[in-house]
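# Coordinates in review
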Amino acid sequence: MVQIPNTPTSADVARLAGVSRATVSYVLNNTSAVRISEPTRRRVREAARELGYVPHAAARSLRAGHSRMVLMPAPAIPVGPLYSGFLNELQWELGRLDYTVVQYGTVGLQGDEAARSWAELRPVAVLVPGAELGPQGVGVLKRSGARAVVTLGPGRVDGAHAMLMDYDAVGEGAGAHLYTRGRRRIGVVVPEGSGLEAYSRPRLAGVRRALRGTDAAVTELPLAFTEESAAQLAARWRESALDAVFAYNDEYAMLLMRALQDTGVRIPEDVAVIGADDLMLGRLLRPRLSTVHIELPSGRDLAELVDRAVRDPGGEPEVHKVLGATVVPRESS
């Protein structure tokens, strides 16, 4: 019978499994450089579970010369189902590559100040959405031991890998679609007070780019994500004489659509409506919601980029253009 100590060690796991401590280390750290049979791997994992043994992350980091922590700043803005699904896939793929993903909140901190806070945790990689980081912040992270800094947004940052997302294309597709449907007085919903400017302003610019040089007019429509705000906008709708609206995304589109219908505005007869994200709920509405389908980067591709950068920290920063935008026309427009 094996005596189980209060704090089990790798030696205890090795004794119970009948293997060496080195084998325990190879198995529990998912080392692929050493060939170990599957029955042996199962035996080691079962012994670790029985003893309640968990590898010591700090000790493993010392041996490897770096941690396996990938830090992702927690979003400071509401994230919808589309982005949440992308984050889940990314975390799963990074876990498959033996990284630990930590979402870290830095409320009130931005840019290089936030980077210093992230650096205190000594992550091996940092994934930064939006435009929250500058070259100085990248330098701070690298000096603290981060081997990979990856930004996801509309522009590049010196020293960082970049997944470039062209949010203008979302608005451009929506604007062009409404114009081809014969709409000429087009409103564009811009979320109010929710920190979404990095996404909403490019979408507005995309609509304007699509309609530049035409006989169409674009009107900016600030809207908070509340029923009260939508009702107030809907009450003024007839005097605005708008015959179409790109409502930023599907959630704002559904909010405004219901408010317009409550005031007697017919969709699409009086007003054509299009959103973005292609959420399932939009297909269940009547009329079904037209939308812009957004193809986010593959979680696997991004995880593999992080892994390449960690393995080769001195390599040239990679830049990839991602985020496809395709209009999906339905009854609402």
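Everything in this summary refers to the structure shown in the same document. Chains are numbered independently. Their residues run from 1 in the order of the written sequence. Whole-chain, interface and lining totals are the exception, using all residues; otherwise, since this is a predicted model, local features are given only for residues with pLDDT of at least 70 and side-chain atom pairs are given and counted only at 80 or more. Note that the side-chain values use all heavy atoms of the structure and ignore hydrogens as well as water.

## Regarding the pattern of salt bridges
Here, a salt bridge means any Lys or Arg side-chain nitrogen found within 4 Å of an Asp or Glu carboxyl oxygen. One pass over the full model with this rule turns up 15 salt bridges. One salt bridge in this structure joins E318 and R308, with 2.8 Å as the shortest N-O distance. One end of the pair, E318, is in the loop between α14 (299-311) and β11 (319-322); the other, R308, is in helix α14, and 10 residues separate them in sequence. Relative accessible area decides the class of each residue, using a 1.4 Å probe on protein chains only: under 20% of the type maximum gives buried, over 50% gives exposed, and in between gives partly exposed. Residue E318 is classed as partly exposed on the basis of its relative accessible area of 22%. Using a relative accessible area of 40% as the deciding quantity, one classes R308 as partly exposed. A network of salt bridges, in which partner residues are shared, links E93, R96 and R300. Segments assigned H or I by DSSP are reported as helices when at least four residues long, segments assigned E as strands when at least two residues long, and all are numbered from the N terminus.

## Side note on the side chain of T40
With respect to the helices and strands, the residue T40 is situated in helix α3 (residues 38-51). Owing to a relative accessible area of 15%, T40 belongs among the buried residues under this scheme. The residues touching T40, leaving out its near neighbours within four places in the chain, are V19 and T23. What makes two residues a contact is simply this: any of their non-hydrogen atoms within 4.5 Å.

## Side note on the sheet that holds strand β6 (residues 185-191)
Taken in spatial order, the four strands line up as β7-β6-β8-β9 in an open sheet, and their pairing is parallel. Each edge of the sheet is formed by a strand with only one pairing partner; in this case those strands are β7 (217-223) and β9 (272-274). Put simply, the sheet's adjacent strands are angled 20° from each other on average, direction ignored. By the convention used here, strands pair only if DSSP detects at least 2 bridges between them. Relative to strand β8 (residues 244-246), β6 runs parallel, the two being bridged by three bridges. Throughout, an axis means a line fitted to C-alpha atoms (over the contacting stretch in the case of helices), and angles, computed between N-to-C directions, take values from 0 to 180 degrees.

## Focus: the packing of aromatic side chains
Aromatic pairing here means that ring centres of Phe, Tyr or Trp (its six-membered ring) are within 6.5 Å. Orientation follows from the plane angle: under 30 degrees is stacked, over 60 is edge-to-face, and everything else is tilted. In the structure shown here, the tally under the stated rule is three aromatic pairs. Note on Y167 and Y199: the rings are 5.0 Å apart at their centroids and 85° apart in plane angle, and the pair reads as edge-to-face. With Y167 in the loop between β5 (161-165) and α8 (168-180) and Y199 in helix α9 (residues 197-211), this pair connects stretches of sequence that are 32 residues apart. Of the two residues examined, Y167 and Y199, each falls in the buried class. A ring pair is formed by F225 and Y252, whose centres lie 4.9 Å apart and whose planes are at 55°; its orientation type is tilted. Of this pair, F225 sits in the loop between β7 and α10 (227-235) while Y252 sits in helix α12 (residues 250-262), placing them 27 residues apart in sequence. Aromatic ring contacts, followed pair by pair, group F225, Y248 and Y252 into a single cluster.

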